[in-house]
Each structure stands twice: as C-alpha cells, then as structure tokens.
Amino acid sequence: MLIAGNWKMNTDVPEGRALANDIATGLSERPDAFADIDVLVCPSFVHLPAVSDALADAPVAVGAQDMHAEDAGAHTGDVSAPMLTSIGCDAVILGHSERREYYNETDADVNRKVKQARTHDLVPIVCVGESLQQRQAGNAASVVTQQVEGALSGVSIADASELVVAYEPIWAIGTGESAAPEQAQEMHAVIRDNLAERYGADVAADIPLLYGGSMKPHNAHGLLSQPDIDGGLIGSASLAADSFLGIADEAVHVRQEEPA
Ligand code: PEP
C-alpha cells in the first residue's frame, strides 16, 4: 500500500519544512504500524532539499510533481531527472490532469517522461483519469485505457515493474466529491486488465494502482478496501499532517483486516 501526498503549489519553504517535520513526528509516534505502508510526499521543486532534509531519518520517500523529458539544455524554467536524483528524489508524478490541462501535456509527452524517469531510476507515478463530460458520455474506460496505453507505449516489463499508476477522475480532484469505492474499483480493474494484457498478470498484479480525487480520512477506508486499489494520491488532505496520516492510518487498518 502506498500513501502519496501531492502538495501542488502550496506552502512556502518554512511551512513545507514544518509540514514534513510534523509528518515525521506523527510517524515516529506509530513506530510499528507502518511496516506494510509506503509513504511518499511530493512537494514543489523549491521545497525538495528542505523536505528531503527534514525527512532524512523518517520512513518517507520524496518525489517531484513533474520533470522535463531531457537531461539538460535550453529549457527555461524546467527541471530534469538528474537534478531530481541529485537531491535524493525517489519518484516523480507524471501526466497529472493539471499538467495535461494547463500545459497541454499529451500522452506522448508523458510517455517520453516515463522513459526518462526510468532511465534515471525514478519511480514514475503516471496519472490518468476522465473528465465529467467523458464519464457522462460513457467513455471513462476508453479514455483511461488510451491514456495508459499512450503513457506506457514501448515501456519494458522491467520498467513497468517499477512504476505506479494513479487513477484520478478529474471531476473528483479538489471538488470534495470522491468517486464511490465501487466506481473507482471498476476503473482500477480496467487499468489492471490493460496492464495484464501488456505485461502479464503477475507483473500487472504488482503494479501499485493509486486512487486520487478528494480522498480524506473519512472516505479512505472504503476506497482502500477495494481489491484493485493499492493506495492513494492525495492532494488537499496531504497539506496537514493530521489528515495525511489519518489516511495512512486507514491504510494500516485495511491491511490489518486482510486475511493472513
Ligand atoms: C490530486 O490532484 O492529485 C488530488 C488527488 O487532489 P485532491 O485530493 O485535492 O482531490
């Protein structure tokens, strides 16, 4: 189970450092509970050194929210994979719907970034998800399948074994209206089946599929209990240690309830 926070463009650096410290403190108060749960935070680029430093002794990985597909060059304002690894980043969110919408990122862009992330040993968290209009038109499954296929075109089995896919219905992001657990499970099963066709059932079973879209402590249990939901990508609820760790606590409960 992976619980990942996407801080987006929030908090200044001292606030980000304080949030990271609060998360580290909260985890240190639950020493054994998190053996089966991976925790990741993805602050903005400028926070990464301070947050990595604050979490150096905590069981929390650090990731970025995007990166460029090339190693270096004339790309004003961009950040590369080698820059991220040089400050200890473990993962990178790619193809978030906000990047697709506001920066016109295409599946082909996401695909280049996925390959670049793997070249540099970063875990890509590939975001996919349909708009409300696409869902209402009955196209949710086909839209998401196309995004998965586009993002993973030419990605080897070895690299697929090191990636994460996040299903984030656009209509649930930042709206307070989460997908119902069964609705999310249905889409996760579509994604799992697609991955199984491409990489085989065993590899597909081990690729973590996160749900994202207004996950909060009060709805996390129902979502995380679904068979194909392996964790959460959390936006607004990741901006306070209490709510972020409240979701992580739910992940622990779900794990404890699973048959041995
Ligand atoms: C997100 O954008 O990745 C997200 C899941 O946001 P929120 O939890 O705020 O809906």
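This structure is a prediction, so every number in the text was calculated from the model and none was measured. (Residues numbered from 1 in each chain as written. Predicted model: local features only at pLDDT ≥ 70, side-chain atom pairs only at ≥ 80, totals over all residues. Heavy atoms only, no water.)

(A) Just the packing of aromatic side chains, in detail. For the structure on display, the rule yields one aromatic pair. Centroid distance Tyr 167 to Tyr 211: 6.4 Å. Interplanar angle 55 degrees. Geometry classified as tilted. Here the residue Tyr 167 occupies a position in strand 6 (residues 164-167), and Tyr 211 occupies one in strand 7 (residues 209-212), the gap between them amounting to 44 residues. The class of Tyr 211 is buried, set by a relative accessible area of 0%. In this arrangement the basic side chain of Arg 99 is found over the ring face of Tyr 103, its NZ or CZ atom lying 3.9 Å from the centre. (Phe/Tyr/Trp six-rings, centres within 6.5 Å; stacked < 30°, edge-to-face > 60°. Helix = DSSP H or I, 4+ residues; strand = E, 2+ residues; numbered from the N terminus. Buried < 20%, exposed > 50% of the residue type's maximum accessible area, 1.4 Å probe, protein only. Lys NZ or Arg CZ within 6 Å of the ring centre and 35° of its normal.)

(B) Layout of the nonpolar core. Counting 71 residues, the largest nonpolar core has Ile 23 and Leu 195 as its most contacted members. When residues of this core are assigned to their parent elements, the largest contribution, eight residues, is made by helix 12 (residues 241-257). With sequence-adjacent residues up to four places away left out, Leu 195 is seen in contact with Val 148, Leu 152, Val 165, Gly 200, Ala 204, Ile 207 and Leu 209. Formed by twelve residues, the second largest nonpolar core is a distinct cluster that contains Ala 4, Cys 42, Ala 91 and Ile 93. (Core = buried A, V, L, I, M, F, W, Y, C linked by side-chain atoms within 4.5 Å. Contact = heavy atoms within 4.5 Å.)

(C) Highlighting the sheet that holds strand 4 (residues 91-94). Ordered by their spatial adjacency, eight strands build a closed barrel running 1-2-3-4-5-6-7-8, and the pairing between neighbours is parallel. Neighbour-to-neighbour, the strand axes of the sheet open up by a mean angle of 25 degrees, direction not taken into account. Across two bridges, strand 3 (residues 60-64) lies against strand 4 in parallel orientation. Across the sheet, residue Ala 64 finds its bridge partner in strand 4, namely Val 92. (Pairing = 2+ DSSP bridges. Axes fitted to C-alpha atoms, helices over the stretch in contact; angles between N-to-C directions.)

(D) The arrangement of the environment of Ala 54 in detail. Within the secondary structure layout, Ala 54 lies in helix 2 (residues 48-54). Not counting residues up to four positions away in its chain, the partners in contact with Ala 54 are Arg 17, Ala 20, Asn 21 and Ala 24.

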